[in-house]
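What the coordinates show
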Amino acid sequence: MPHRLFVAIRPPEQIRDALIDTMEGLEGARWQGEDQLHLTLRFIGEAEAPLANDIAESLCTVRPAPFALSLKGVGHFERRGRPHSLWAGLSPSRNLLDLADRVEKACRRAGCTPETRRFAPHITIARLNSSTEPIGGWIANHGDLRSDPWPVDAFILYESHLGAGGSLYEPVVRYQLKS
Ligand code: 3AM
């Protein structure tokens, strides 16, 4: 059976708490669960065992120094002209872009099809649908979301299990950055 994989950074508890504090005041939003909160570095998609193993191994070569990230603001993505998700943004970070770039290269070396979309760092807070109330009020209320910097010292290869009640994200391998 293929594995549905992605690579992400898991924010620490105080950041998850700050994100959870924003999860109110929007009728019809499907808020992310605490254990679903992550910053995707690379969505891989379905990979059969040999490729999945090669990806897991190739990611071991990605070992930049730890760096800091902080939350900055909120926003939304649209699909077919409608808001589809709400997210928290991150303060601009060259180190984050560099990490995503190295992860992308490691995935390609393992045999993944190159990602052509530009990396857009975000942490999804909610999924929306056509019955969600207009998001303008929520965006205005949380536009000043900020956090203290937190140290990023690892990234994770996740397997996504799709289910009726939402996706379950299972950590498969944790990759420690250089100490
Ligand atoms: O980081 P977020 O929550 O935006 O939306 C999915 C989630 O991203 C995204 O991968 C993360 C873990 O599931 N995702 C799911 N299917 C995708 C696809 N076909 C996808 N990203 C790109 N292409």
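Residues numbered from 1 in each chain as written. Predicted model: local features only at pLDDT ≥ 70, side-chain atom pairs only at ≥ 80, totals over all residues. Heavy atoms only, no water.

1. Quick word on the site of the ligand
Residues in close proximity to the ligand include Arg4, Phe6, His38, Thr40, Phe43, Arg117, His122, Thr124, Arg127 and Tyr169, which together make up its full environment. One of the side-chain nitrogen or oxygen atoms of arginine 4 is found 3.0 Å away from a nitrogen atom of the ligand. With respect to the ligand, the side chain of histidine 38 contributes an N or O atom lying 3.1 Å from an oxygen atom. Here the ligand, which alone exposes 490 Å², has 71% of that area covered by the protein. Of all elements in the fold, only strand 1 (3–9), strand 3 (39–47) and strand 7 (123–127) reach the threshold of two or more residues within the shell around the ligand. Of the residues belonging to the shell around the ligand, the class tally is three nonpolar, four polar and three charged. (Near = heavy atom within 4 Å. Polar contact = N/O pair within 3.5 Å; in protein donor to acceptor, adjacent residues only side chain to side chain. Areas by Shrake-Rupley, 256 points an atom, 1.4 Å probe, with all protein chains shown as cover. Helix = DSSP H or I, 4+ residues; strand = E, 2+ residues; numbered from the N terminus. Nonpolar A, V, L, I, M, F, W, Y, C, P; charged D, E, K, R; others polar.)

2. Notes on the pattern of salt bridges
The final tally for this structure, using the stated rule, is eight salt bridges. Taking the shortest distance from any N to any O, the salt bridge between glutamate 34 and arginine 16 comes out at 2.3 Å. Here arginine 16 lies in helix 1 (residues 13–20) and glutamate 34 lies in the loop between strand 2 (30–31) and strand 3, a separation of 18 residues in the sequence. Note that arginine 108 and glutamate 104 form a salt bridge whose closest N and O atoms lie 2.6 Å from each other. Taken as a pair, arginine 108 and glutamate 104 lie in helix 3 (residues 94–110) at a separation of four residues, close to a single helical turn. (Salt bridge = Lys/Arg side-chain N within 4 Å of Asp/Glu carboxyl O.)

3. With respect to the side chain of serine 160
Mapping serine 160 onto the fold places it in strand 9 (residues 154–161). Sequence-distant contacts of serine 160, that is, excluding residues within four places in its chain, are made with Arg4, Phe6, Ser167, Leu168 and Tyr169. (Contact = heavy atoms within 4.5 Å.)

4. Side note on the packing of aromatic side chains
For any pair of aromatic rings, geometry is given as the distance between the ring centres together with the angle between the planes. Summed over the entire model, instances satisfying the criterion amount to five aromatic pairs. A ring pair is formed by phenylalanine 155 and tyrosine 175, whose centres lie 4.9 Å apart and whose planes are at 15°; its orientation type is stacked. Residue phenylalanine 155 is found in strand 9, and its partner tyrosine 175 is found in strand 10 (residues 168–176); the two are separated by 20 residues along the sequence. Taken together, the ring pairs connect Phe6, Tyr158 and Tyr169 into an aromatic cluster. (Phe/Tyr/Trp six-rings, centres within 6.5 Å; stacked < 30°, edge-to-face > 60°.)

5. With respect to the confidence of the model for the protein
Across the protein, the average pLDDT comes to 97, with 100% of residues at or above 70. Among the prediction metrics, the complex's ipTM stands at 0.90, with pTM recorded as 0.96. (pLDDT = per-residue confidence, 0-100.)

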